[in-house]
Amino acid sequence: MVSLRPVEPLDTHYLEELGFVWHTDSDESPYLADVLVEVTEKEAEAYYEAGNTLYEMFVEAGEYVIEHNLLHEIGIPFNLVDLVRESWENEVHWHLYGRFDLAGGIDGKPIKLLEFNADTPTALFETAIIQWAILKRNGMEEAAQFNLVYEKLLENFKRLVTLEESVELFHERYEGWRFLFTSVRGNVEEENTVRLLQHIADEAGYTTEFAYIDEIEFDGEEGIFYQEENYELWFKLIPWEDIALEEPDLARLLTRIVLNRKAIIFNPAYTLMFQSKGFLKILWDLYPGHPLLLESSFEPLEGKMQVKKPFFGREGESVAILEGDGTVLVDLPGEYDAFPPLYQEYVELPRDSEGRKYQAGLFFAYESCGLGYRRGGEIMNNLSKFVGHVVV
Amino acid sequence: MKYIKRLSQISTGVGVGALLAVGLSGCQQKPADQAAAVQPQQKNAFVVIEEVTPGKYKIAEEFPAKETRIILKKLDGTEKVLTKAEMDELIKKEAAKIEQGTSPLTSPEGAQMTSGGMSIGQAILASAAGAILGSWIGSKLFNNPNYRNARRAGYKSPSAYNRSVNSFKKGARGSSSRARSTRRSGFFGGGSRSMGMGRSRFGG
């Protein structure tokens, strides 16, 4: 059973002051749970190691996909293939951050990789800021968390310039390149996630600006412009596959811009490989039976309870849980049915006394750097709650 | 373990500590909820102002452009490009009237008074060029609802106004002014699929 500690929730006024305005879900229930998951130091350590190990495996498997021309197999849209390759092969395209979704890690259950949100991870604000605020609100000054998300992101921002582990030479090497931060207009969670990242980049020492995607001008030969100012660095919290499928002209322009070395884009296009559920099958091929992995296949698994998920699905949509004989147990409808499916061995998530399930979100910015949980039913969706943690 | 930290170890003045104290919007110059307020367009404009009756002018066309230019089309068919000095002088005069509250641009009756045409100075200020050249007038104009009504009335036809607004919104480069430009913008102009205060549809 998951061990929980009750806490006083944060009042909405304070949350909004913090910039966290998506505190209430579409069914009017609070998005933030009024409990913390209790995690032992040993469990936290195991999460830390698991994230680092998994990332090394992702890099190995990424090299394999590129070398063996498997981008089509894992569902990378054809109009991003050149950009994915270029970003992989040129070291300036540094991965800023991602979030592993993991089963287990607490309650005696082994850690298993469910997927890697490598391209556009949210829950950043909750993990980096809000769960510290919960400790503060509850006077838990001496309580601890596995949560260096803010500090590690700040360091990794500096690495975009130093391109090595050490960030000491950032100020020496940074030549004032302007950094533009972008979301799609109309969603405040995405916008404030981006503004938080911008804030951290500011603190790291960059010259930054924010603009909605529709305000930005793209020129294949000259680069990225906002209000006539050229930006050499661009962060976009917009999924690469959306760019490929909904705005193919933009995909073409960004490819030109990157090939012409006019801008560097974060997260890099190769993170779309990591993000594809199809990549999980490649991982299983390369590391069959690895303790951190679940069996994964492009075909239904024989005689095993399994989860069927589209290569590029979001918020649990178009996900189904199947019996070994193919019978559908749970099924969330969605708009992602058109993507090819991955079949992944089912694993039970840790539960609390009320039977609610907990899935760990482990942030990664050059190394594992922070932990948070989502709580929901069989399939996590956009009504799942965020649950903070405390190390005991 | 070095990756586990106590709340008491977080310093108050910087990083997470600063955010916990004042919040993200407190750290920013422009809070998110004000971002949508009416603001002067920062781009340059190419504007055609046409004389409709003797001494009365309307905005016939305007496009985003690399530099701000105003073309004056007189009733007799002649065209004239206004110099920077001429533009500045006209704006200065009109700005003085705004200051004194006597300009039709910012008075409640402005929309009626300007519906038959404006002086050249008013037309410039009502155009996108005014937004750029007269940016020092700033909030006096842009947050004045009368100005917005008068501005709309100052166009030769409703379609000229709409075309102008749309071309600036999209930042699309007008074909007449930047025919050779390859810049594109307006991507994802329909906004987010999960609008408003709700949660993001991706990332999880």
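What counts, and at which threshold
- Residues numbered from 1 in each chain as written.
- Chains lettered and ligands numbered in written order.
- Predicted model: local features only at pLDDT ≥ 70, side-chain atom pairs only at ≥ 80, totals over all residues.
- Heavy atoms only, no water.
- Patch = residues over 30% accessible without salt bridge, like charges linked within 9 Å, V, L, I, M, F, W, Y side chains within 5 Å.
- Areas by Shrake-Rupley, 256 points an atom, 1.4 Å probe, with all protein chains shown as cover.
- Salt bridge = Lys/Arg side-chain N within 4 Å of Asp/Glu carboxyl O.
- Lys, Arg positive; Asp, Glu negative; His and termini not counted.
- Charge placed at Lys NZ, Arg CZ, Asp CG, Glu CD.
- Buried < 20%, exposed > 50% of the residue type's maximum accessible area, 1.4 Å probe, protein only.
- Helix = DSSP H or I, 4+ residues; strand = E, 2+ residues; numbered from the N terminus.
- Axes fitted to C-alpha atoms, helices over the stretch in contact; angles between N-to-C directions.
- Parallel < 35°, antiparallel > 145°, perpendicular 65-115°, else oblique.
- Contact = heavy atoms within 4.5 Å.
- Nonpolar A, V, L, I, M, F, W, Y, C, P; charged D, E, K, R; others polar.
- Phe/Tyr/Trp six-rings, centres within 6.5 Å; stacked < 30°, edge-to-face > 60°.
- Buried area = accessible area lost by both parts, 1.4 Å probe.
- Polar contact = N/O pair within 3.5 Å; in protein donor to acceptor, adjacent residues only side chain to side chain.
- Pairing = 2+ DSSP bridges.

Draft legend 1. Broad picture of a negative patch on the surface. On the surface, Glu56, Glu60, Glu63 and Glu67 of chain A cluster together to form a negatively charged patch. Look at glutamate 63 of chain A and you get partly exposed, because its relative accessible area is 34%.

Draft legend 2. Seen up close, the pattern of salt bridges. Scanning the entire structure with this criterion turns up 33 salt bridges over all chains. Between arginine 183 of chain B and glutamate 217 of chain A there is a salt bridge, with its nearest N and O atoms 3.3 Å apart. Here arginine 183 of chain B is found in the segment after helix H8 (158-170), whereas its partner glutamate 217 of chain A is found in strand E8 (residues 217-219) on a different chain. An identical accessibility class is assigned to arginine 183 of chain B and glutamate 217 of chain A; each is buried. Within this structure, Lys152, Glu155, Arg159 and Glu367 of chain A form a network of salt bridges that share partners.

Draft legend 3. Local environment of the packing of helix H4 (residues 124-137) of chain A against helix H5 (residues 149-162) of chain A. Residue and element names in this part refer to chain A. One way to put it is that H4 packs onto H5 with a least axis distance of 9 Å and a crossing angle of 120°. Relative to H5, the element H4 is oriented oblique. Side by side, H4 and H5 meet where Leu124, Thr127, Ala128 and Ile129 of the first sit next to Val149, Tyr150 and Leu153 of the second. Residue classes in the contact of H4 with H5 are distributed as six nonpolar, one polar and no charged.

Draft legend 4. Representation of the packing of aromatic side chains in the model. Residue and element names in this part refer to chain A. Under the definition given, this model contains 40 aromatic pairs over all chains. Taken together, a centroid distance of 4.5 Å and an interplanar angle of 45° make the contact between phenylalanine 20 and tryptophan 22 tilted. Comparing phenylalanine 20 with tryptophan 22 shows no difference in burial state: the two are buried. Measuring from ring centre to ring centre gives 6.4 Å for tyrosine 47 and tyrosine 373, while their planes differ by 75°; the resulting arrangement is edge-to-face. Remark: tyrosine 373 occurs in strand E19 (residues 368-376) and tyrosine 47 occurs in helix H2 (residues 41-67); sequence separation between them is 326 residues. Each of the two residues, tyrosine 47 as well as tyrosine 373, counts as buried.

Draft legend 5. Layout of unusual backbone geometry. Residues and elements named next belong to chain A. Look at the link from phenylalanine 266 to asparagine 267: it is a cis peptide, with omega at -15°. Turning to its location among the elements, asparagine 267 is positioned in the loop between strand E12 (264-266) and helix H10 (271-275). Unlike most non-glycine residues, asparagine 69 shows phi in positive territory, near 50°. Among the secondary structure elements, asparagine 69 is positioned in the loop between H2 and helix H3 (81-89). Even without being glycine, alanine 123 reaches a positive phi, approximately 65°. As for its position among the elements, alanine 123 is in the loop between strand E4 (112-117) and H4.

Draft legend 6. Structural view of the interface of chain B and chain A. Tallying the contact residues gives 50 residues for chain B and 83 residues for chain A. A buried area of about 5,900 Å², summed over both sides, lies between chain B and chain A, and 54% of it is on carbon and sulfur atoms. Remark: the boundary between chain B and chain A carries five salt bridges. The shortest N-O distance in the salt bridge between glutamate 151 of chain A and lysine 5 of chain B comes to 2.7 Å. In this assembly, chain B and chain A are joined by 17 residue pairs in polar contact (both at pLDDT 80 or more).

Draft legend 7. Region of interest: the sheet that holds strand E7 (residues 207-212) of chain A. Residue and element names in this part refer to chain A. Reading across the sheet, the four strands line up as E7-E6-E11-E12 and stay open at both edges, with parallel pairing between neighbours. Each end of this open sheet is capped by a strand with a single partner; those strands are E7 and E12. Neighbour to neighbour, the strand axes of the sheet diverge by 20° on average, direction disregarded. Sheet topology note: the strand E11 (residues 233-236)/E12 ladder contains three bridges and is parallel. Residue pairing in the sheet places tryptophan 234 in a bridge with isoleucine 265 of E12.

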